[in-house]
Every structure is written in structure tokens, then in C-alpha cells.
Amino acid sequence: MAKKVALLQGNEACAQGALYAGCNFFGGYPITPSTEVAEVLSGELPKIGGKFIQMEDEIGAMASIIGASLTGAKALTATSGPGVSLKQELIGYACIAEIPCVIINVMRGGPSTGMPTGPGQSDVMQAKWGTHGDHAAIALVPASCQEIFSETVRAFNLAEKYRMPVQVLYDEIVGHMRERIVFPEPGELEVINREAPTDGPETYKPYDSTKGQVPPLAAFGSGYKFHVTGLNKADDGFPTTKASLVDAEERRQIDKVTDNIADIESYEEYLTEDADVIVWAYGSTSRSARYAVNELRKEGIKAGLFRPITLWPFPEKRTAELAAKAKAIVVAEMNLGQMIYEVERVAKGACVVVGEFRVDGDPLNPGQIMTKVKEVL
Amino acid sequence: MAYDYEKSIRPGKLPHIWCPGCGHGIVMKGLIRAMDTCGLDRKNTAVVSGIGCASRLPGYLDACTLHTAHGRAAAFATGVKMAKPEMNVICCGGDGDGTAIGGNHFIHACRRNIDMTYVLMNNFIYGMTGGQFSPCTPTGAKASTTPYGNPDPIFDISKLAIGAGATFVARTTAAHPREIDKLIVQGIQHKGMAIIEVLDDCPTTYGRRNKFRSVIDMMKYLKASAVPVKAASKMTAEQLEGKFLTGVLFHDTDKPEYCAQYADIIKKAQGA
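Going along each chain's sequence as written, the residues are numbered from 1 onward. Labels follow written order: the first chain is A, the first ligand is 1, and so on. Under the rules for a predicted model, residues below a pLDDT of 70 receive no local features and side-chain atom pairs below 80 are neither given nor counted, while totals for whole chains, interfaces and linings still include all residues.

**Q** Would you mind going over the interface of chain B and chain A in detail, with residue names and values included?
**A** With 33 residues of chain B in contact, the opposing surface of chain A contributes 34 residues. A run of DSSP states H or I qualifies as a helix once it reaches four residues; a run of E qualifies as a strand once it reaches two. Both are numbered from the N-terminal end. Of all the secondary-structure elements, those providing two or more residues to the side of chain B that touches chain A are strand S2 (64-67), helix H2 (73-83), helix H4 (103-112) and helix H10 (258-269) of chain B. Take the side of chain B that touches chain A: its biggest share by element is 8 residues, from H2(B). Considered class by class, the residues forming the side of chain B that touches chain A number 16 nonpolar, 11 polar and 6 charged. By definition, residues are in contact whenever their C-beta atoms, placed on the basis of the backbone, come within 7 Å of each other. All amino acids are sorted into three groups, where Ala, Val, Leu, Ile, Met, Phe, Trp, Tyr, Cys and Pro are nonpolar, Asp, Glu, Lys and Arg are charged, and the leftover types, Gly among them, are polar.

Next up, the structure:
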């Protein structure tokens, strides 16, 4: 049987990807340019017995998905920069309490209200450092409608597997453009469900590190009575200020990501094998970069593209390898320089690192990237 | 025979953090009795709170307990209830948590009329942070941030809840322990948003700054200020000055409950 094909907007593809992943709860608040995710799911979720709720504000939306996830639901919210700023408090809560959930950030310009209908990539550092306190972060940056579908599925998988909030960031251009989507068959993409506890209710501890780096999370209402708090806590979930326990829990929650980078990381390379210059770009900017690389190659310039799909944890190893091989890396992003700091950090001076930035609401175009590559060579 | 509270308390979690003379323990005992009276299965009961002294209550209860962020209890609880309507959901917390930083979540949970019982302990102060004024600190009262007296007017929490659309609203005080569980029972049995406001005492950060020389003085004040709604109907406005109405202040059984409304949406979406 032929696969289902549709012309979908990025935000619609996100909603479809969520449904494929088994999302059954959406809590949101209207905000441009992400609202279509909520609109589609308000219609689709009740059809499968799922729940859609429009909350009173962004914080409430984040709270509702954490509450829903604690009952075992696969929970999603979608927003944009100003909304993500408000959600930071409870993204931190989901980190420390280790509650799986997925946050979509359709990026516009900023700071503050910025340009609600224009694209931006200026929330990428916020995705790592937005909420206070030490914490791990996983953030994915798809660059096409098809990839928004598959990365939304992967975001749910990573959230459930690593028991933490996962952010999917795509700029307004990718969110609002329309492309042909081939719907994967059921089973074609991996769908990971939450691991059930092996302990019975009498001995269950929600943060028992002897069960592994990611202890299983029981669902409220499934026979398990346990405590969840945003305070530093011991393995039984109850608050503690005992230094050794606090330290062990904090480190486990970060190590569960850093020890599993190979499983979490994802990137694409294009013509990097012999490249003198690597364009390092993500999201819609990577599409301009690919075009620029092709044009530069026609002119005899050995350019290549490195495109992170997992932005956090940062692709340190491969970026460092490319820095050691290439003469220069051009980091192209729709902000005034954010990921370039990470690239510089891991390049450690092995090659020249320069940035090509844009924040005026227009797309970062191939011509700009070509000019910068020629300048740096 | 003494009431057996211990079966509802998590082993090893007492003593609690509350100061001697604090009314929160009286409220917790009332809540335990009410949960027992209603026969709630604690495995199937979520007790959700925000931040503050009163919000520490769930940690002591043997149930599915969720101690969230400051002010967010009603929003987390909404997610729990929406996702699993078969669970009993109880919120608890203080006046600052529920009506200042959490005011928006509070009024919208009331508006939706989602089936939960919110026990709001109003002790007129932010106790945990050392006694700063809350939206419920009486005008003129002393708090650590109102050294010249509080310039702010207060929220009447029960009126706020009624205005926002809650369908069961009741008030009592920590000096009326028997009425606490009686009203919480009615709240739990009510299908919709039930707000039980319990006027409470904070001798440590409120009482000692406001001429209540002892816990007994605070309790006497709560007792003297409480006027049952029936009695109030025969009193003049002058006589009611500075008093609190207690008992069931509002009860509406007509307004549809939110999860039931959404169950209808599911039926519609599925073409039934």
C-alpha cells in the first residue's frame, strides 16, 4: 500500500509527529508562530480519547503537562520565545523532579515581544541555560517539515527514556513553510514508552539510583503512592539537605545525559570530507548554507556543511574533529552569535572560527554565507 | 478512643516543620478525617500543593503527593485531573501561594469548575519567608515589609472564588476544628471546584507583630471574628464590621463540571 503523503506546514507536521509518538495530552497557550500546533491537536486529540486544554497562561500550560505526565500521559506544549521565558520555572521543575515532557519552541526574534511573525534562532542558549540551577538539557533543531515530524517523535522518545523535559526548537520559517510529508507507517519510526517500575508499591522509590541512571517513574493512580517535589531530594523523593545525597542526585541527573551522548546526538554532514571551510548551521539557516556550499563548490571552493540536529547536548566531538581538519568554520545563525561560543570552545583555536549573523527578521541568505566563506579563506 | 491519624501519615515523616501554635496541623487532621469519611482510596488520590508552610502538608500524607512550584498547585492539579479524571484531586496551600503568585491559576481553576477540592489556609501572611504581607494581610497590620502598617487592601478569598466561578465555597477557621472536616467532606462530595478557606493563625510571624500575645489570643480572635452565615443574616452591617462569614457560602449544582464537559467533547470528536 502506498504511504500517506500530504502537503503540511511545519507546525502541522509537529502535531502529526506528536500523535505518531503517542502524545495524548496537550496543554498550551496561544502564541505566534506556534499556535497551529495547538489548533491541530485541539481537533485530533479528543478523537483518540486524548486531552487538549488551553490554560490561562504559559506557566499554567507547563504545569498542566507535568501534572498530566505524572499520571502516565505523553504530554506536549508548544510556544515561542516569550512563552519559553515564562515556562523556565517549570522546565526546571521537570528537570529536578524528572518528569518526561516535550516543549516545542517555534523561534521568533527577541528579546521580549520582538518580531512575532519573523524568524529567529536566538533562543538556542536559553534552551540550555534558561532555567536556574545546574541541569542537563536536550534540544533538537529540525530543518524541514519531514524532520519536524520525526524529531518530534524522537523528542518524546528521549523525554520518556531519560525522564526529562526535551525541547524542540525550530525557527518560524521552518514552522510556517509547507512541504511534502511522507507519513511513516506505524512501527517504521521507533516509539519509546516509559519504563514501568519493577518494584512493587511497597518498596518503590522514584529516584532509586540502584535501578540505573534513569530510575523508572510510576504513574499516579496506578497503585503507587509517592512524593514529588521541586526541592533537592533523596532517592525516596522526600526533601533532603544532606550534602552527599544532594550531590549524588544533582550529578546523576546531569550524567544521565552526558554519559549517553552517543544515543542522543544527531547531525548531518554534507561535503565535509575534503572541506577547507565548514559552514556550521542549523534550522532554516542550514538550508541557506547547503545552497551556499553547492554554489561555492561550483566556484572551486571546497566548502562543506555540518548541521546539528541535536543541538544540546552540544556535538563536541565531531565539531572538534572538523575544526582539526578544516581551515575555518563559519557559524551561521539568526542571532548575534550564540552557538559560535560553543564552536569556539571546542575548536580550541585549531582553526579560524567566524560568524555570519542576522537578526532583522529576514532569512539568513546563501549570498551572505558565500561572502563570509570567501572572506575567511 | 483516639482517632487513628497514623494510618494516613507517612511513617518517619513527623515531626512536621510547623511552629508550635500554628494552625496548619489542625487543618491537616481535619483533612485526614474528611478523606476517611469520604472513603477516599489514597492510592487514587493526588494531594497537590505549591510553596510555603501550608504547602508542606502533602509530604506528610500517605497518598500520591505533588509539592510543586510557588503558586502553581491549581495548574498542576488541573493537568492531573484532566489526564486522569478518575483520580480524586485535593489542593492545599496558603494565602500568598494561592492568591498572589498563584492567583491566575486559582481563578481559572474556579472558572472551569474542574472537580477538585482546594483547602486554602489563610493565615494572613507569608510565613515561610519570615512574615511579609500577603494579599490577605489586613490593611494597617504589621508585617516585616510593612513596618508602618500595611497600605494594601485585602482579597476576600471566598468572594474571589465565588466571583471566579467555583461552585462550592465554604469558610471556617482553625479555631473550629470540627467544622473543618465537615466542610472538606462536603467539598470532596461536591462535583466541581470546591474552595474551603480556613482562616488560620501564624503566631510566629503574624501574631507577635500584631498584638496577639499568645496563640490563645489568636485563636480567640479567630473564634470571635467568625459569624456563621445563618447568624449573619440577622445582623446589621455595623455588627458585621471586621467579622468573617463562616459555613457554606455558596453551593451551585447546576454548572457543568469541566472533565464531564470534556468527556462530551471526546464523544463529539469521535462522532458519537
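So, next bit.
**Q** Give a detailed account of the sheet that holds strand S5 (residues 101-107) of chain A, specifying residues and quantitative values.
**A** Residues and elements named next belong to chain A. On the basis of which strands lie adjacent, the open sheet formed by 7 strands has the order S3-S2-S4-S5-S7-S6-S13 and mixed pairing. A single partner strand is all that each edge strand has here, and the edge strands are strand S3 (51-54) and strand S13 (310-312). Averaged over all pairs of adjacent strands, the angle between their axes in this sheet comes to 20°, without regard to strand direction. Summarising the sheet, strand S6 (residues 138-140) and strand S7 (residues 165-171) pair through 3 bridges and their orientation is parallel. Residue pairing across strands places leucine 140 opposite valine 168, the latter belonging to S7. Strands are treated as partners if at least two bridges between them are detected by DSSP. Axis definition: a line fit to C-alpha positions, over the contact stretch in the case of helices; interaxial angles, taken between N-to-C directions, run 0 to 180 degrees.

**Q** Please set out the sheet that holds S2(B) residue by residue, giving values where relevant.
**A** Taken together, the 9 strands give an open sheet; going across it, the order is S9(A)-S2(B)-S1(B)-S3(B)-S4(B)-S8(B)-S7(B)-S10(B)-S9(B), and neighbouring strands pair in mixed fashion. Pairing within the sheet leaves two strands with one partner each, and these edge strands are strand S9 (227-229) of chain A together with strand S9 (226-228) of chain B. Mean inter-strand twist for the sheet, computed between neighbouring axes without regard to direction, equals 20°. With 5 bridges joining them, strand S1 (residues 45-49) of chain B and strand S3 (residues 88-94) of chain B adopt parallel strand pairing. Bridging from a neighbouring strand, B:Ala46 pairs with B:Val89 of S3(B). In the packing of helix H1 (residues 24-37) of chain B onto the sheet, contacts are made with S1, strand S4 (116-122) and strand S8 (193-199) of chain B, and the angle to S4(B) comes to roughly 160°.

**Q** Explain the pairing of strand S11 (residues 277-281) of chain A to me, using residue names and the numbers behind them.
**A** Residues and elements named next belong to chain A. Backbone-placed C-beta atoms define the burial measure: a residue is buried with 20 or more other C-beta atoms within 10 Å of its own, exposed with 12 or fewer, and partly exposed in between. Extensive coverage of S11 is indicated by the burial of 5 of its 5 residues. Burial along S11 is two-sided: the residues Val277, Val279 and Ala281 and Ile278 and Trp280 are all buried. Sheet topology note: the S11/strand S12 (residues 303-308) ladder contains 4 bridges and is parallel. What sits directly across from valine 279, in S12, is leucine 305. By convention, a crossover is right-handed whenever its connection, traced from the first strand over the helix to the second and viewed with the strands pointing away, goes clockwise. Handedness of the S11-helix H10 (residues 284-298)-S12 crossover: right-handed. Note that S11 and strand S14 (residues 328-333) share 5 bridges and pair parallel. Bridge pairing in S14 links tryptophan 280 to valine 331.

**Q** Can you explain unusual backbone geometry? Please cite residues and give values.
**A** In the segment running from A:Trp312 into A:Pro313, the intervening peptide bond is cis, with an omega of 0°. Cis geometry is found at the peptide bond from B:Leu14 to B:Pro15, where omega equals 10°. Relative to the helices and strands, B:Pro15 resides in the segment before H1. The residue A:Leu271 is not glycine, and still its phi comes out positive at about 55°. By the element assignment, A:Leu271 lies in the loop between strand S10 (267-270) and S11. Here the phi dihedral of B:Lys211 falls at roughly 65°; this positive angle occurs in a residue that is not glycine.

**Q** Could you give an account of the environment of A:Tyr170, with specific residues and numbers?
**A** All names here are of chain A. One can find tyrosine 170 in strand S7. Taking the C-beta count within 10 Å as the criterion, tyrosine 170 has 33 such neighbours and is therefore assigned buried. For the pair tyrosine 170 and cysteine 95, spaced 75 residues apart in sequence, the C-alpha separation works out to 21 Å. Dropping the residues within four chain positions of it, tyrosine 170 is found in contact with Gly10, Val106, Met107, Val141, Pro142, Ile148, Gly175 and Gly283.

**Q** So what's going on with the nonpolar core? Residues and values would help.
**A** Here a nonpolar core is just a set of buried residues of the types Ala, Val, Leu, Ile, Met, Phe, Trp, Tyr and Cys, joined wherever their C-beta atoms sit within 7 Å. In terms of nonpolar packing, the biggest core is built from 193 residues, with A:Ile66, A:Val279, A:Ile329, B:Val80 and B:Val119 touching the most fellow members. Top element by residues in this core is helix H6 (residues 145-162) of chain A. It accounts for 9 residues. With near-sequence residues (within four places) excluded, B:Val80 lies in contact with A:Gly67, A:Ala68, A:Leu70, A:Thr71, A:Phe220, B:Ala46, B:Val48, B:Met87 and B:Val89.

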